[in-house]
Amino acid sequence: MPLTATRPLGALSAAVLAALVTAGLPALADEAAIRKTLADRMPQLPKIDEVSKTPIPGIYEIRIGTDILYSDETGAYLLEGALLDTKSQTNLTQARIEKLTAIDFDTLPAKDAIVFKQGSGARKIAVFADPNCGYCKRIEKDLLTLKDVTIYTYLLPILGPDSTAKSRDIWCAKDKGKVWRSWMIDNATPPKAMGQCDTAALTRNTELGRRYRITGTPAVIFEDGTRSPGALPADKLEERIKTAAKKT
């Protein structure tokens, strides 16, 4: 399960989960009972944002931020994993997470992106990228071939200190777009940023990535809010852009 900005739920040990299994609890099938039991027995658990029923009788969804757990009707048992609908072959847990992390493209902060307008720029796409990401360099070459598109590139340095330093140098450059593409396509090292430079956008991008569970780069966001992890080839990018445009 991806981590949140609070505390990684994966850190819950099997021993801690096993401690929840006890007998004799009253069958109080309500949200209050679940919240109370979990708060009493697992004080280290982050704040529960929502408790709701699942399609399985007696099983409840426990939402903490964008993390999903499952509980019985009393909070005596806690499960972590994927809930699958065998009839529809649907991963209900993943579908729920995707809904929780759906992106309204128009709310993405353009001021925190490096913006490239190609042709009319009528169509839109956003890319979260790390300057040291090999797949990001691969997709950058394909992005160049797209016509009539505006590309919003959000620097997301997640691969270590050098990524952070390079992102700062690129963001602080007089011509961010030129320096970014020179590095990503031609491997021309960005000039070192000198003096004061406002890099708050990089911090905001990191928070944005956490909020939308963007844990790898490149992450491509289309106008309809759908996303694709990894470096799609140019023809697939074009196909997804067209599909997204029809939905908006």
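Here goes a summary of the coordinates provided.

Thresholds, definitions, all that
Residues numbered from 1 in each chain as written. Predicted model: local features only at pLDDT ≥ 70, side-chain atom pairs only at ≥ 80, totals over all residues. Heavy atoms only, no water. Buried < 20%, exposed > 50% of the residue type's maximum accessible area, 1.4 Å probe, protein only. Helix = DSSP H or I, 4+ residues; strand = E, 2+ residues; numbered from the N terminus. Pairing = 2+ DSSP bridges. 1 Å grid on protein atoms, 1.4 Å probe; cavity = no way out; pocket = protein on both sides within 12 Å on 5 of 7 lines; lining within 4 Å. Points joined across faces, edges and corners; volume = space filled by probe spheres on them. Nonpolar A, V, L, I, M, F, W, Y, C, P; charged D, E, K, R; others polar. Contact = heavy atoms within 4.5 Å. Axes fitted to C-alpha atoms, helices over the stretch in contact; angles between N-to-C directions. Arc of directions from axis to C-beta. Polar contact = N/O pair within 3.5 Å; in protein donor to acceptor, adjacent residues only side chain to side chain. Disulfide = S-S within 2.5 Å. Phe/Tyr/Trp six-rings, centres within 6.5 Å; stacked < 30°, edge-to-face > 60°. Lys NZ or Arg CZ within 6 Å of the ring centre and 35° of its normal. Right-handed = clockwise from strand over helix to strand, strands pointing away.

## Some words on the pairing of strand β10 (residues 219–222)
Of the two faces of β10, both are covered, the one formed by Ala219 and Ile221 as well as the one formed by Val220 and Phe222. In the sheet, strand β8 (residues 123–129) pairs with β10 via four bridges, with the strands oriented antiparallel. Its bridge partner being in β10, Phe128 is matched across the sheet by Ala219. Of the pairings in the sheet, the one linking β10 to strand β11 (residues 227–229) comprises three bridges and is antiparallel in character. Bridging across to β11, Ala219 finds its partner in Pro229. Here β10 folds back onto β11 in antiparallel fashion, the turn holding four residues, of which Gly225 has a positive phi close to 90 degrees.

## Section: the layout of surface pockets
Approximately 400 Å³ is the volume attributed to the largest pocket. Surrounding the largest pocket, 22 residues form its lining, Gln94, Thr101, Tyr212, Arg213 and Arg227 being those nearest its centre. Here the lining of the largest pocket is built from residues that sort into nine nonpolar, nine polar and four charged.

## Some thoughts on the sheet that holds strand β3 (residues 67–71)
What the four strands build is an open sheet, ordered β1-β2-β3-β4; its pairing is antiparallel. If you trace the sheet from one side to the other, it starts and ends with β1 (50–53) and β4 (78–79), each paired once. Sheet contacts for helix α2 (residues 31–41): β1, β2 (60–64), β3 and β4; angle to β1, the most-contacted strand, approximately 130 degrees. On top of the sheet, helix α3 (residues 92–100) reaches β1, β2 and β3; it is set at about 135 degrees to β3, its chief contact.

## As for α3
Among the residues of α3, those classed as buried are Thr93, Arg96 and Ile97. Looking down the long axis of α3, one finds its buried residues gathered within 100 degrees of arc, a one-sided arrangement. Here α3 starts with a cap whose side-chain oxygen sits 3.1 Å from the backbone nitrogen of Thr93, and that cap is Asn91.

## Notes on the state of the cysteines
According to the stated counting rule, one finds one disulfide in the structure shown. Two residues share a disulfide in this structure: Cys172 and Cys197, whose sulfurs sit 1.9 Å from each other. In this structure the cystine formed by Cys172 and Cys197 twists about its S-S bond by roughly -100 degrees; its chirality is therefore left-handed. One end of the pair, Cys172, is in the loop between α5 (161–171) and α6 (176–186); the other, Cys197, is in the loop between α6 and α7 (200–211), with 25 residues separating them in the sequence. Owing to a relative accessible area of 23%, Cys197 belongs among the partly exposed residues under this scheme.

## Side note on the packing of aromatic side chains
Applying the stated criterion to the full structure yields two aromatic pairs. With a centroid separation of 6.2 Å and an interplanar angle of 70 degrees, the aromatic rings of Phe105 and Tyr152 are classed as edge-to-face. Here Tyr152 lies in strand β9 (residues 149–155) and Phe105 lies in the loop between α3 and β7 (114–118), a separation of 47 residues in the sequence. Per residue, the accessibility class of Phe105 equals that of Tyr152, and both read buried. Measuring from ring centre to ring centre gives 4.9 Å for Phe128 and Tyr154, while their planes differ by 15 degrees; the resulting arrangement is stacked. Here Phe128 is found in strand β8, whereas its partner Tyr154 is found in strand β9, with 26 residues between them in sequence. Note on accessibility: Phe128 and Tyr154 belong to one class, buried. Here the basic side chain of Lys137 rests over the ring of Trp183, its NZ or CZ set 3.9 Å away from the ring centre. The cationic tip of Arg181 hangs over the ring face of Phe116; the distance from NZ or CZ to the ring centre is 4.0 Å.

## A few points about the pairing of β9
Consecutive residues of a regular strand have side chains that alternate between opposite faces of the sheet. Most of β9 sits inside the fold, with seven of its seven residues counted as buried. A two-sided burial pattern is seen for β9, the buried positions comprising Val149, Ile151, Thr153 and Leu155 on one face and Thr150, Tyr152 and Tyr154 on the other. Strand direction decides the pairing type here: β7 and β9, joined by five bridges, are antiparallel. Residue Val115 lies in a different strand from β9, and its bridge partner there is Tyr152. Direction of pairing for β8 relative to β9: parallel, over a ladder of seven bridges. Bridging across to β9, Val127 finds its partner in Thr153. Following the chain from β8 across helix α4 (residues 134–143) to the adjacent parallel β9, one finds a crossover that is right-handed.

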